[in-house]
Amino acid sequence: MARRIGRVTYRRARPDDMLPCGRVFARAAPSLSIGERATFHPRPSDIVPILSHVRETDPGGFQVARADGRVVGYASVISRGRTDFLTQFWVYPSLKGRGIGRPMLE
């Protein structure tokens, strides 16, 4: 079930969200290597198999944030017994600090 907060809609990820999530990852992940000699530049399509596996394993734990018709962030959680593992949590860098991420974790 989707919910809307302001201009952002939150819902479970679908199979067709995996490439857009890969784009978010490819844009956001390199910010972790700023200042390092070797920078990380993943291709969105390279992450799709990993994202698809996580979504298939725990579909209720993979949430996307959509704004202006596109995925702008995602979070994935794997649950094992009574333990939840936050496996990924990404938002486009230009949208960081705008409160988009928190609702994905709730």
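One can find the structure itself at the top, above this paragraph.
Draft legend 1. Focus on a nonpolar patch on the surface. Residues Leu86, Phe89 and Leu105 make up a contiguous nonpolar surface patch of roughly 270 Å² in combined accessible area. Along the polypeptide, Leu86 turns up in strand E5 (residues 83–91).

Draft legend 2. The layout of surface pockets, seen in detail. Looking at the largest pocket, its volume works out to about 170 Å³. Taken together, 14 residues line the largest pocket, and the ones lying closest to its centre are Phe89, Val91, Lys96, Gly97 and Gly101. Considering every element that reaches the lining of the largest pocket, the biggest residue donor is E5, with three residues. When grouped by side-chain class, the residues that make up the lining of the largest pocket number seven nonpolar, four polar and three charged.

Draft legend 3. Spotlight on the environment of Phe25. With respect to the helices, strands and loops of the structure, Phe25 is situated in helix H1 (residues 18–28). Here Phe25 is in contact with Pro30, Phe40, Pro42, Ile47, Tyr74, Gln88 and Trp90, once residues within four sequence places are set aside.

Draft legend 4. Representation of the nonpolar core in the model. If you look at the biggest cluster of nonpolar residues, it comprises 27 residues, and the most contacted ones within it are Phe62, Tyr74 and Ile100. When residues of this core are traced back to their parent elements, those giving at least two are strand E2 (8–12), H1, helix H2 (44–57), strand E3 (62–67), strand E4 (70–80) and E5. The contacts of Phe62, once residues within four sequence positions are left out, are Arg11, Arg12, Ala13, Met18, Cys21, Leu51, Val54, Arg55, Tyr74, Ala75 and Ser76.

So, how was this worked out
Residues numbered from 1 in each chain as written. Predicted model: local features only at pLDDT ≥ 70, side-chain atom pairs only at ≥ 80, totals over all residues. Heavy atoms only, no water. Patch = residues over 30% accessible without salt bridge, like charges linked within 9 Å, V, L, I, M, F, W, Y side chains within 5 Å. Areas by Shrake-Rupley, 256 points an atom, 1.4 Å probe, with all protein chains shown as cover. Salt bridge = Lys/Arg side-chain N within 4 Å of Asp/Glu carboxyl O. Helix = DSSP H or I, 4+ residues; strand = E, 2+ residues; numbered from the N terminus. 1 Å grid on protein atoms, 1.4 Å probe; cavity = no way out; pocket = protein on both sides within 12 Å on 5 of 7 lines; lining within 4 Å. Points joined across faces, edges and corners; volume = space filled by probe spheres on them. Nonpolar A, V, L, I, M, F, W, Y, C, P; charged D, E, K, R; others polar. Contact = heavy atoms within 4.5 Å. Core = buried A, V, L, I, M, F, W, Y, C linked by side-chain atoms within 4.5 Å. Buried < 20%, exposed > 50% of the residue type's maximum accessible area, 1.4 Å probe, protein only.

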